[in-house]
Amino acid sequence: MRTTVGIIGGGPAGLLLARLLHRTGIDCVLLEARDREYVEHRQRAGMLEQGTVDALHEADAAERLHAEGLVHQGIELRFDRERHHIDFPTLTGGRTVTIYAQTEIVKDLVALQLAEGPPLLFEAEALVIEKPESASPLVRFVHEGREQTLTCDWVVGCDGFHGISRDTFPDAVSRSYAHDYPYSWLGILADVAPSCEELIYARGEAGFALHSMRSPHVSRLYLQVPNGTDADDWPDDRIWDELAARFAIDADWTLRRGPITAKSVTPMRSYVHEPMRHGRLLLAGDAAHIVPPTGAKGLNLAVSDVRVLGRAFAALHRTGSEELLDAYSQMCLARVWQATRFSYDMTKMLHAQPDGDAFESRLQLARLRRIAASRHAAAELAANYTGLPLMP
Ligand code: FAD
Ligand code: DHB
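These numbers come from a predicted model, not from an experiment.

### A few points about the overall build of the protein chain
Right, so step 1: Secondary structure summary: the protein chain contains 11 helices and 19 strands in total.
Right, so step 2: Whereas a compact globule of 392 residues would reach a radius of gyration of roughly 21 Å, the protein chain reaches 21 Å, a difference of no more than 12%.
Right, so step 3: Referenced to the eigenvectors of the C-alpha coordinate spread, the extents of the protein chain come out at roughly 65 × 40 × 40 Å.
Right, so step 4: Expressed as a percentage of its 392 residues, the buried residues of the protein chain come to 45%.
Right, so step 5: Restricting the contact set of the protein chain to residue pairs at least 6 apart, pairs at least 24 apart contribute 73%.

### Here's the deal with the site of ligand 2
Right, so step 1: Around ligand 2 sit Ala45, Gly46, Met47, Leu199, Leu210, Ser212, Arg220, Pro293, Thr294, Gly295 and Ala296, and those are all the residues in its vicinity.
Right, so step 2: Each of domain 1 (2–72 + 99–179 + 268–350) and domain 2 (181–267 + 353–386) gives at least three residues to the shell around ligand 2.

### Re the site of ligand 1
Right, so step 1: Every one of the 35 residues lining ligand 1 counts as a neighbour, but Gly9, Gly11, Gly160, Gly285 and Gly298 are closest to it.
Right, so step 2: When residues of the shell around ligand 1 are traced back to their parent elements, those giving at least two are α1 (12–24), β9 (124–130) and α8 (298–319).
Right, so step 3: Per element, the largest residue contribution to the shell around ligand 1 is 4 residues, and it comes from α8.
Right, so step 4: Split by residue class, the shell around ligand 1 holds 15 nonpolar, 13 polar and 7 charged.

### As for the sheet that holds strand β7 (residues 97–99)
Right, so step 1: Taken together, the 3 strands give an open sheet; going across it, the order is β3-β7-β4, and neighbouring strands pair in antiparallel fashion. Taken across any chain shown, the strands that pair with only one partner, and hence form the sheet edges, are β3 (47–49) and β4 (70–72). Pairs of neighbouring strands in the sheet enclose a mean axial angle of 35°, with direction left out of account.
Right, so step 2: Set on the sheet, helix α3 (residues 50–58) makes contact with β3 and β7; between it and β3 the angle comes to about 80°.

### Remarks on the UniProt feature "domain: FAD-binding" (unreviewed entry) in the protein chain
Right, so step 1: Residues annotated in UniProt with the feature "domain: FAD-binding" (unreviewed entry) correspond here to residues 2–343.
Right, so step 2: Between the first and last C-alpha atoms of residues 2–343 the distance is 40 Å; the span itself is 32% helix and 35% strand.

### Some words on the sheet that holds strand β14 (residues 207–215)
Strands belonging to one sheet form pairs held by backbone hydrogen bonds; the direction of such a pair is parallel or antiparallel.
Right, so step 1: In space, the 8 strands of this open sheet follow the order β6-β5-β13-β14-β15-β12-β16-β19, with mixed pairing throughout. In the strand order of this sheet, the two ends are held by β6 (82–87) and β19 (289–290), each with one partner.
Right, so step 2: Judged from the 6 bridges that link them, strand β5 (residues 74–79) and β6 form a sheet pairing that is antiparallel. Among the inter-strand pairings, Phe79 is bridged to a residue of β6, identified as Glu82.
Right, so step 3: Lying on the sheet, helix α10 (residues 358–373) is in contact with β5, β6 and β13 (199–204); it crosses β5 at an angle near 140°.

### Quick word on the confidence of the model for the protein chain
Right, so step 1: With 99% of its residues at a pLDDT of 70 or more, the protein chain has an overall mean of 96.
Right, so step 2: The complex prediction reports pTM at 0.96, with the ipTM value standing at 0.95.

### Brief notes about the packing of α1 against helix α6 (residues 102–116)
Right, so step 1: Here α1 crosses α6 at 35°, and the two axes come no closer than 10 Å. In the crossing of α1 with α6, the sense of the turn from one axis to the other is left-handed. Every residue of α6 that contacts α1 at Pro12, Leu15, Leu16, Ala18, Arg19 and His22 is listed here: Gln102, Ile105, Val106, Leu109, Val110, Leu112, Gln113 and Glu116.
Right, so step 2: Counted by class, the contact of α1 with α6 contains 9 nonpolar, 3 polar and 2 charged residues.

### A word on the environment of Tyr177
Right, so step 1: Within the fold, Tyr177 resides in strand β12 (residues 175–190).
Right, so step 2: C-beta crowding within 10 Å serves as the criterion here: with 12 such atoms nearby, Tyr177 is assigned to the exposed category.

### Some points on α3
Right, so step 1: Regarding α3, the residues found buried are Thr52, Val53, Ala55 and Leu56. Considered in projection along α3, the buried side chains sweep an arc of 160° and stay on one side of the axis.
Right, so step 2: Contacts made by the buried residues of α3 are with α1, β3, α4 (63–68), β7, α6 and α8.
Right, so step 3: Positioned one or two residues after α3, Asp60 has a phi angle of 55°, which is positive.

### Some thoughts on the nonpolar core
Right, so step 1: Judged by nonpolar contacts, the single largest core of 107 residues is most densely connected at Leu16, Leu17, Val156, Ala284 and Leu309.
Right, so step 2: With residues near it in sequence (within four places) discarded, Leu16 still touches Ala55, Ala59, Leu109, Val303 and Val306.

### Brief notes about unusual backbone geometry
Right, so step 1: Omega for the bond connecting Gly117 with Pro118 falls within 30 degrees of zero, at 0°, which places this linkage in the cis form.
Right, so step 2: Assignment of secondary structure puts Pro118 in the loop between α6 and β8 (120–121).
Right, so step 3: The omega torsion across Glu274 and Pro275 is -10°, close enough to zero to call that bond cis.
Right, so step 4: Structurally, the position occupied by Pro275 is in the loop between β16 (260–274) and β17 (277–278).
Right, so step 5: Positive phi outside glycine occurs at Ala296, with the angle close to 60°.
Right, so step 6: Relative to the helices and strands, Ala296 resides in the loop between β19 and α8.

### Some details on the domain arrangement of the protein chain
Right, so step 1: Per the domain assignment, the segments of the protein chain are domain 1 (2–72 + 99–179 + 268–350) and domain 2 (181–267 + 353–386).
Right, so step 2: Each of domain 1 and domain 2 has a C-alpha centre, and the two are 29 Å apart.
Right, so step 3: Among the secondary structure elements, those contributing two or more residues to the side of domain 1 that touches domain 2 are β4, β16 and α9 (323–350).
Right, so step 4: Among the elements that line the side of domain 1 that touches domain 2, the one with the most residues is α9, at 4 residues.
Right, so step 5: Among the residues forming the side of domain 1 that touches domain 2, the class breakdown is 9 nonpolar, 6 polar and 2 charged.

About the cut-offs
Residues numbered from 1 in each chain as written. Chains lettered and ligands numbered in written order. Predicted model: local features only at pLDDT ≥ 70, side-chain atom pairs only at ≥ 80, totals over all residues. Helix = DSSP H or I, 4+ residues; strand = E, 2+ residues; numbered from the N terminus. Rg over C-alpha atoms; globule rule 2.2 N^0.38 Å. Buried ≥ 20, exposed ≤ 12 C-beta atoms within 10 Å, placed from the backbone. Contact = placed C-beta atoms within 7 Å. Near = placed C-beta within 6 Å. Domains from an automatic or database assignment. Nonpolar A, V, L, I, M, F, W, Y, C, P; charged D, E, K, R; others polar. Pairing = 2+ DSSP bridges. Axes fitted to C-alpha atoms, helices over the stretch in contact; angles between N-to-C directions. UniProt positions renumbered as here; feature names shortened; annotations may be inferred. pLDDT = per-residue confidence, 0-100. Left-handed = near helix turned anticlockwise from the far one by under 90°. Arc of directions from axis to C-beta. Core = buried A, V, L, I, M, F, W, Y, C linked by C-beta atoms within 7 Å.

If you want it as structure tokens, here you go:
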């Protein structure tokens, strides 16, 4: 098989890139290791920056997002049994965010791709990328029990953190930067109306909790737990009791409880791989970088990488110039590091220290009080949360 751009991975990054290339008239083939059912139901992100909504709109893939997405004007911070509203439009000159699940973005993009092309192969696992430095790199993959070859002009690795693309970079050019956090998140989905209109980020004495949502009838909540936690050790009542304690404030407020339909534990890590291009192999999304989920940057970064890449391929197609592809890695990494900094700061500010360091704990409260008291500090949080410009 031969194509112009071979895309490995059918998560949000790979699917959106395929859509952008198709609309520019560039042919591509997308290889996804898992089946359709699996990729459409993997519970993950839900908070979209305005730029992410705009990107899906420009790709003509936002019809359901516009109809069903929940536009949010701000978030609530809770600490010391108090609540503080951070109002995004006032602090950012009108910006908002949208709640719409990653599962739904993936379903929308898969449906468009199957209806309009380009080829999307499920259960097609890339094994190895060969000759990335040459003008015709190739991907060996297994599909329907047969090993096959995809010869490309360019290969884009959108195969997430555990994919194969990043490992194709020679050691001599690869640099990676990582930080592990001493806690994880236990995430649940529950069939119950959200107990809030805005997302709540709470620094409880016993740890962090986040209240998000998927629809007016489905809540999504997260709880800080120790690394190595087994979700089976958390029966439903224990989860609700712990969430209620962490969200508790002195004012009148109650957490609604309902049947829990999904439970999973996610470890937290920051990781950046540099550069994001080697020869004719480019990385996008989690394949190149991951952030802890506090602040909701992962999916948004994947989309912004792909926006830059879509423009770069469009320029190549239109003018033959590789200038934007040459600048791709540097342009994305500037934004990636800003999001890495923000996610790290949010994480460190809101999670309880497992070692109980009282000095750190006082600093966390001082940071939170500063945000509550200072318009400048709140505006800085709002600017980062709603999304920095595509090229900061
Ligand atoms: P992925 O979604 O990981 O997709 C990679 C794809 O590649 C997968 O489908 C995989 O099957 C496929 N693949 C892997 N190896 C191969 C191979 N060898 N051959 C072929 N295919 C392969 N981000 C936000 O912005 N906002 C949030 O609110 C948010 N919340 C989150 C909450 C949780 C609990 C978690 C875990 C993550 C959250 N994120 C959030 C992060 C976000 O989900 C990821 O950043 C996003 O999925 C990245 O998309 P991607 O396409 O780069 O990678
Ligand atoms: C969601 C996840 C996050 O990590 C976050 O910061 C906000 C919302 C969510 O899944 O809805």
